[in-house]
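As a plain string of letters, each chain reads:
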Amino acid sequence: MRSLRFLCLCLGLCSAPASAVYETSFGVGLGVSYQTVSDSDGDVDSLVALGPVSLLYQQEYARDRRYSVELSYASATFDPEPGGVGQDVSHYSLAGTLQFRQRHTFNWQPWWGVGLGIANDRASDRYKVTNDGYLDERLSNADRRYAAGLVFVQTDFDVNLFGWDRPAAWRVQYQHPFSDGLRYGSFSLLFFY
């Protein structure tokens, strides 16, 4: 009887369904963004700039669910508004996101994402101008470290050019700092390996 129980246990373990295989992706991204800086020293003009440049890691963990880790860099020179602050900003961020796929049609199945990140901005060459546009005062450089929230929608597709068949995606993203820092909305193209 013991042998029969042992045999049933072994057969049960061997016939258990195999765990699902989930996709892992590494990628790079390049975007165009509408950026502005929250600065306690004064108003900063908004601009459209190339960036962010991103390195990505994505891992599915369930059907229609995945998480990602993203390292990003953006840089821009903000000209001052009258009475505002001008500065050069270099922005580095590390963000983690959870993504959920929403299946609409066979061809369109966007991933909705929400996440948190930490960022470091280096603001250099800072200065204030008067309402007439003349130099008012030079400000010291500022290093800002802060947390930020982000939301995005991403649609995956395949690229087949010159025998190169790889997954890619477009993404629309908004990042908002929880204190002074770089705030931007971006449109990015992502290529995965």
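Placed above this text is the structure.
Residues numbered from 1 in each chain as written. Predicted model: local features only at pLDDT ≥ 70, side-chain atom pairs only at ≥ 80, totals over all residues. Heavy atoms only, no water.

*Asks:* Is there a simple way to think about the overall build of the protein chain in this case?
*Replies:* Within the protein chain, the secondary structure is distributed over 1 helix and 9 strands. When the elements of the protein chain are put in sequence order from the N terminus, they spell out α-β-β-β-β-β-β-β-β-β. For the protein chain, buried positions account for 39% of its 193 residues. Long-range pairs, those at least 24 residues apart, make up 57% of the contacts in the protein chain with a sequence separation of at least 6. A total accessible area of about 11,400 Å² is found for the protein chain, and carbon and sulfur atoms account for 60% of it. (Helix = DSSP H or I, 4+ residues; strand = E, 2+ residues; numbered from the N terminus. Buried < 20%, exposed > 50% of the residue type's maximum accessible area, 1.4 Å probe, protein only. Contact = heavy atoms within 4.5 Å. Areas by Shrake-Rupley, 256 points an atom, 1.4 Å probe, with all protein chains shown as cover.)

*Asks:* Got a minute to help me understand the nonpolar core in this structure?
*Replies:* For soluble globular proteins, the rule of thumb is that nonpolar side chains tend to be buried together. Val-37, Phe-78 and Leu-182 are the most contacted members of the largest nonpolar core, which has 16 residues in total. Elements with a minimum of two residues in this core: strand S2 (47-62), strand S3 (65-78), strand S4 (85-101), strand S5 (111-129), strand S7 (142-161) and strand S9 (181-192). Sort the elements by how many residues they give to this core and S7 lands first, with 3 residues. The contact partners of Val-37, leaving out residues within four places of it in the chain, are Val-44, Phe-78, Gln-87, Val-89, Arg-144, Gly-181 and Leu-182. (Core = buried A, V, L, I, M, F, W, Y, C linked by side-chain atoms within 4.5 Å.)

*Asks:* Even after reading the chapter, I still don't get the pairing of S4, so can you show me in this structure?
*Replies:* Where a strand is regular, its side chains alternate between the two sheet faces. In the sheet, S3 pairs with S4 via 14 bridges, with the strands oriented antiparallel. Along S4, the bridge assignment pairs Val-69 with Gly-96. Between S3 and S4, which pair antiparallel and follow one another directly, the connecting turn spans 6 residues, one of which, Gly-83, has a positive phi of 80°. Taken together, the 16 bridges between S4 and S5 define a ladder with antiparallel strand orientation. The partner of Thr-97 across the bridge, within S5, is Gly-115. (Pairing = 2+ DSSP bridges.)

*Asks:* Even after reading the chapter, I still don't get the packing of aromatic side chains, so can you show me in this structure?
*Replies:* By convention here, two paired aromatic rings are described through the distance between centres and the angle between planes. All chains considered together, the criterion is met by 5 aromatic pairs. A centroid spacing of 5.2 Å and a plane angle of 50° characterise the contact between Phe-26 and Tyr-57, whose relative ring orientation is tilted. Here the residue Phe-26 occupies a position in strand S1 (residues 24-38), and Tyr-57 occupies one in strand S2, the gap between them amounting to 31 residues. An angle of 25° between the planes, with centres 6.3 Å apart, marks the rings of Trp-170 and Phe-187 as stacked. Within this pair, whereas Trp-170 is found in strand S8 (residues 164-177), its partner Phe-187 is found in strand S9, the two being separated by 17 residues in sequence. (Phe/Tyr/Trp six-rings, centres within 6.5 Å; stacked < 30°, edge-to-face > 60°.)

*Asks:* Is there a simple way to explain unusual backbone geometry in this structure?
*Replies:* A negative phi angle characterises most non-glycine residues, just as the trans form characterises most peptide bonds. Going from Gly-51 to Pro-52, the amide bond is cis rather than trans, its omega being 15°. Position of Pro-52 among the secondary structure elements: in strand S2. With a phi angle near 60°, Asp-64 is a residue other than glycine that sits in the positive phi range. Within the secondary structure, Asp-64 is located in the loop between S2 and S3. Relative accessible area serves as the criterion here: at 8%, Asp-64 is assigned to the buried category. Unlike most non-glycine residues, Asp-125 shows phi in positive territory, near 50°.

*Asks:* Help me out: how do you make sense of the pairing of S1 in this one?
*Replies:* Bridging between S1 and S2 involves 11 bridges; their strand directions are antiparallel. Each bridged residue has a counterpart across the sheet, and for Thr-24 the counterpart in S2 is Gln-59. Inspection of the sheet shows S1 paired to S9 by 12 bridges, in the antiparallel sense. Residue pairing in the sheet places Ser-38 in a bridge with Gly-181 of S9.

*Asks:* How should the environment of Ala-49 be read in this particular structure?
*Replies:* You can see Ala-49 is positioned in strand S2. It is 5.5 Å that separates the C-alpha atoms of Ala-49 and Ser-33, two residues lying 16 residues apart in sequence. Non-local contacts of Ala-49, meaning those with residues more than four positions away in its chain, are made with Gly-31, Val-32, Ser-33, Gln-35 and Ala-76.

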